[in-house]
Every structure is written in C-alpha cells, then in structure tokens.
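One-letter residues, chain by chain:
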Amino acid sequence: MAEKPEDLTLPASVVTRIIKDSLPDGVNVSKEARTAIGKAACIFVLYTTACSNNFAIKAKRKTLAAGDVFNALGDMDFEQLVPDLKKFLEAYKEEQKGKKRSCSF
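Parameters at a glance
Residues numbered from 1 in each chain as written. Predicted model: local features only at pLDDT ≥ 70, side-chain atom pairs only at ≥ 80, totals over all residues. Heavy atoms only, no water. Helix = DSSP H or I, 4+ residues; strand = E, 2+ residues; numbered from the N terminus. Rg over C-alpha atoms; globule rule 2.2 N^0.38 Å. Buried < 20%, exposed > 50% of the residue type's maximum accessible area, 1.4 Å probe, protein only. Contact = heavy atoms within 4.5 Å. Areas by Shrake-Rupley, 256 points an atom, 1.4 Å probe, with all protein chains shown as cover. Lys, Arg positive; Asp, Glu negative; His and termini not counted. Charge placed at Lys NZ, Arg CZ, Asp CG, Glu CD. Axes fitted to C-alpha atoms, helices over the stretch in contact; angles between N-to-C directions. Parallel < 35°, antiparallel > 145°, perpendicular 65-115°, else oblique. Nonpolar A, V, L, I, M, F, W, Y, C, P; charged D, E, K, R; others polar.

## Description of the overall build of the protein chain
Step number 1: Along its length, the protein chain carries 4 helices and 0 strands.
Step number 2: The helix and strand sequence of the protein chain, counted from the amino end, reads α-α-α-α.
Step number 3: Taking 105 residues into account, the globule formula puts the C-alpha radius of gyration at 13 Å, and the protein chain, at 17 Å, lies well above it.
Step number 4: Counting only C-alpha atoms and orienting by the principal axes, one finds that the protein chain spans roughly 45 × 40 × 30 Å.
Step number 5: The 105 residues of the protein chain split such that 14% are buried.
Step number 6: Put simply, of all contacts in the protein chain between residues at least 6 apart along the chain, 35% involve residues at least 24 apart.
Step number 7: Here the protein chain has roughly 8,500 Å² of accessible surface; of this, 60% comes from carbon and sulfur atoms.
Step number 8: If you average the places of the 17 positive and of the 14 negative side-chain charges in the protein chain, the two averages end up 7 Å apart.

Here it is as structure tokens:
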C-alpha cells in the first residue's frame, strides 16, 4: 500500500483512453487537464473505498462487497450510478460463468 494517498496514480494511458472515449472527436485535452482528471479519479476511488469500508465494518465484515459500494455511492449522492453499475456487475458475472463453462469442456 502507498505511504500517502498522494503517491497513488492511475496509468496515464488509461486516463487518456477513458477521456478520449468519453469526448467527441476533435476535442483536445491538455496534459494538465489529463493529470487533474487522473488525480480526481484516484481521490474518488479512495473516498468510495473508505465509505464502502464503513458499511462493511457496520456489518462486522472485513471484506467489501458490491452492496457496500452501492450503499456508499448512495451516501455520497451518486445513487444515479448504481443502476448502471448493477447492470454491469450482472453482465460481468454472466461473462465469468460463460468462461467457466467453456473451460470445463
């Protein structure tokens, strides 16, 4: 684990790809803006993790569950993200089931 939250960063290539995929063609983003977006994403992840951990602690668990993340997002006033995240999680689970089935043959 990093000594300080400031030491944590997302790979610049990942941040750039997310930004490019999110914006229309022809929109340029400065290096400074990409850095700021990457740092904001790290802070969001840290805060979401801390809030999710609070839900796990209240439930007397040491393992964070998806429900903890959904509850944390609601507490953080990001409840509008939860339905899409639940759909993504279900699609991911189905994909994993398909992979397990294909490996067992």
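## Points about the environment of Cys51
Step number 1: Here Cys51 is to be found in helix 2 (residues 31-58).
Step number 2: Considering only alpha carbons, one finds Cys51 and Asp75, 24 residues apart in sequence, at a separation of 8.1 Å.
Step number 3: Among residues more than four places away in sequence, those in contact with Cys51 are Ala72 and Met76.

## With respect to the packing of helix 1 (residues 12-22) against helix 2
Relative placement of two packed helices is described by the angle separating their axes and the distance separating the axes.
Step number 1: Packing of helix 1 against helix 2 leaves a shortest axis separation of 10 Å and a crossing angle of 100°. The angle between helix 1 and helix 2 falls in the class roughly perpendicular. Here Val15, Thr16 and Ile19 of helix 1 lie close against helix 2, whose contacting residues are Arg34, Ile37 and Gly38.
Step number 2: Here the residues of the contact of helix 1 with helix 2 sort into 3 nonpolar, 2 polar and 1 charged.

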